[in-house]
Amino acid sequence: MSSLLELRNISMIFEQKSGMLGKPTPIPAMTDVQLSFEPGEILALVGESGCGKTTLGKVVTGLHKPSKGQLLFQGKDVWNMNKAEFTEYRQSVQLVQQDSYAALNPMRTILQSLSDPILQHKIVRSRKEAHDRVCELLNTVGLTPPEQYIEKYPHQMSGGQRQRVLLARAISLKPKLIVADEPVSMIDVSLRMAILRLMSTLNKNLGIAFIYITHDLATARYIAQHGRMAVMYLGKIVEQGSVHDVLAAPQHPYLQALLSAVPVPNPRIAKAKRELPLKSLDMPSIANPPTGCSFHPRCLYASQTCEQTAPSLAPSGKTIVSCHHVEKVPPWTIATVK
Ligand code: SF4
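Residues numbered from 1 in each chain as written. Predicted model: local features only at pLDDT ≥ 70, side-chain atom pairs only at ≥ 80, totals over all residues. Heavy atoms only, no water.

Caption draft 1: Representation of the packing of helix α6 (residues 159–172) against helix α7 (residues 189–206) in the model. In contact at an axis separation of 10 Å, α6 and α7 are set at 15° when each is read in the N-to-C sense. If you check the angle between α6 and α7, you find them roughly parallel. Considering the relative orientation of α6 and α7, their crossing is right-handed. Where α6 abuts α7, its residues G160, Q163, R164, L167 and I171 lie against L191, A194, I195, L198, M199, L202 and L206. (Axes fitted to C-alpha atoms, helices over the stretch in contact; angles between N-to-C directions. Helix = DSSP H or I, 4+ residues; strand = E, 2+ residues; numbered from the N terminus. Parallel < 35°, antiparallel > 145°, perpendicular 65-115°, else oblique. Left-handed = near helix turned anticlockwise from the far one by under 90°. Contact = heavy atoms within 4.5 Å.)

Caption draft 2: Structural view of the pattern of salt bridges. Under the criterion given, the structure shown has 7 salt bridges. Among the ionic pairs, K76 bridges to E85, the shortest N-O distance being 2.9 Å. For E85, a relative accessible area of 23% corresponds to the partly exposed category. Close ionic contact of D116 with R108 constitutes a salt bridge, the shortest N to O distance being 2.9 Å. (Salt bridge = Lys/Arg side-chain N within 4 Å of Asp/Glu carboxyl O. Buried < 20%, exposed > 50% of the residue type's maximum accessible area, 1.4 Å probe, protein only.)

Caption draft 3: Quick look at the side chain of T109. Relative to the helices and strands, T109 is located in the loop between α3 (100–103) and α4 (110–120). When sequence neighbours within four positions are dropped, the list of residues in contact with T109 reads I150, E151, K152 and Y153.

Caption draft 4: Examining the environment of H131 more closely. In this fold, H131 is placed in helix α5 (residues 127–140). Each C-alpha atom of the pair H131 and L111 lies 6.9 Å from the other, and the pair is 20 residues apart in sequence. For H131, the contacting residues outside a window of four places in its chain are L111 and I150.

Caption draft 5: Local environment of the pairing of strand β1 (residues 5–16). The sheet contact formed by β1 and strand β2 (residues 25–37) spans 9 bridges and is antiparallel. Bridged to E15 within β2 is P26. The pairing of β1 with strand β4 (residues 68–73) spans 5 bridges and is antiparallel. In the sheet register, S11 faces β4, and the bridge partner there is K68. (Pairing = 2+ DSSP bridges.)

Caption draft 6: Structural view of unusual backbone geometry. Here the amide bond leading from T144 into P145 is cis, since omega sits at -10°, within 30 degrees of zero. By the secondary structure assignment, P145 is in the loop between α5 and α6. We note that N9 has phi near 50°; this positive angle belongs to a residue other than glycine. Along the polypeptide, N9 turns up in strand β1.

Caption draft 7: Local environment of the site of the ligand. Close to the ligand lie 13 residues, the nearest being C293, C299, C306, C323 and H324. Partitioned by chemical class, the residues of the shell around the ligand number 9 nonpolar, 4 polar and no charged. (Near = heavy atom within 4 Å. Nonpolar A, V, L, I, M, F, W, Y, C, P; charged D, E, K, R; others polar.)

Caption draft 8: Local environment of the environment of Q256. Mapping Q256 onto the fold places it in helix α10 (residues 253–260). Residue Q256 is classed as buried on the basis of its relative accessible area of 5%. The spatial distance from the C-alpha of Q256 to the C-alpha of P331 is 9.0 Å, given a sequence separation of 75 residues. Setting aside anything within four residues of it in sequence, one finds Q256 in contact with P250, Q251, P277, V329, P330, P331 and W332.

Caption draft 9: Up close: α5. The end-to-end C-alpha distance of α5, which contains 14 residues, comes to 20 Å, matching closely the 20 Å that a straight helix rising 1.5 Å per residue would cover. Taken together, the buried residues of α5 touch α4 and α6. Once α5 finishes, G142 follows within two positions and takes phi at roughly 85°, a positive value. (Expected span 1.5 Å × (residues − 1).)

Caption draft 10: Representation of the environment of S280 within the structure. With respect to the helices and strands, S280 occurs in the loop between α11 (267–272) and α12 (304–308). Contact partners of S280, with chain neighbours within four places excluded, come to P297 and R298.

Right under this line is the structure:
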């Protein structure tokens, strides 16, 4: 039985132009990524800004054609699909962007913005049906009563309300998977939990799978508490597994450093915290990644092998880790931070 969606050894290389006559520089935004998604699951994809998370989201939603590798949707190669299959795939995999203001047409009301896709995909047959369906969708995402919102323009709504509209637009096409790219990073902290809870409800009630892209481990843990987590560094997945296993016993030195950087609310532990387990705080440029394991210039456990040879993902304990010396990396828990 095939997965809902599978990335097979996908690489995405952009070309950065340098002047009129200069040779374009290749930028490897994603390298050899392998991931699969099952129906109804939640996967949190975490990593620092510029690590390739958004590129991965755009590859999954068909906005970028990968430079290498295959993207399979229900077992079929997306980039070899016929027109009808490709349309079904694009309808089934939706993207919710970080910037809700940019994602909505400022000249169109919420009714107009939400009616267009469902009329275009023939989910409804008339403007009247579209109006009724938009009201149902607004109810589903908690914008009630819908009459209060339907004639508004995006600038007349708060960031949290616009993010709900984007979720309404995504579910209007009855997707099987939603890629939510930093959906709560631009809204007030007080409203973030409500949007995360809404996504959980849509996952449970409608069976929609989610890829939640974030740099924030706390919200990743919340939304994917029964799901999986994949950690990305400079275009590669370095550790993945169930959220519980990845966070209870992180094995990759980069993930251990990320967790050490999370502020601790307990003043005793916070006071006792020492320096981050890193040789350097600077992340190398993705345009010019280090040789071998791209984490080696920052890693406390790096050897000559790490400088020369890139490690592959391999099972280790309960998770899958990309590290030559995973058995030498000491176990990490919050209590070990002295
Ligand atoms: Fe560190 Fe080497 Fe493991 Fe990379 S492969 S994380 S450099 S120990």
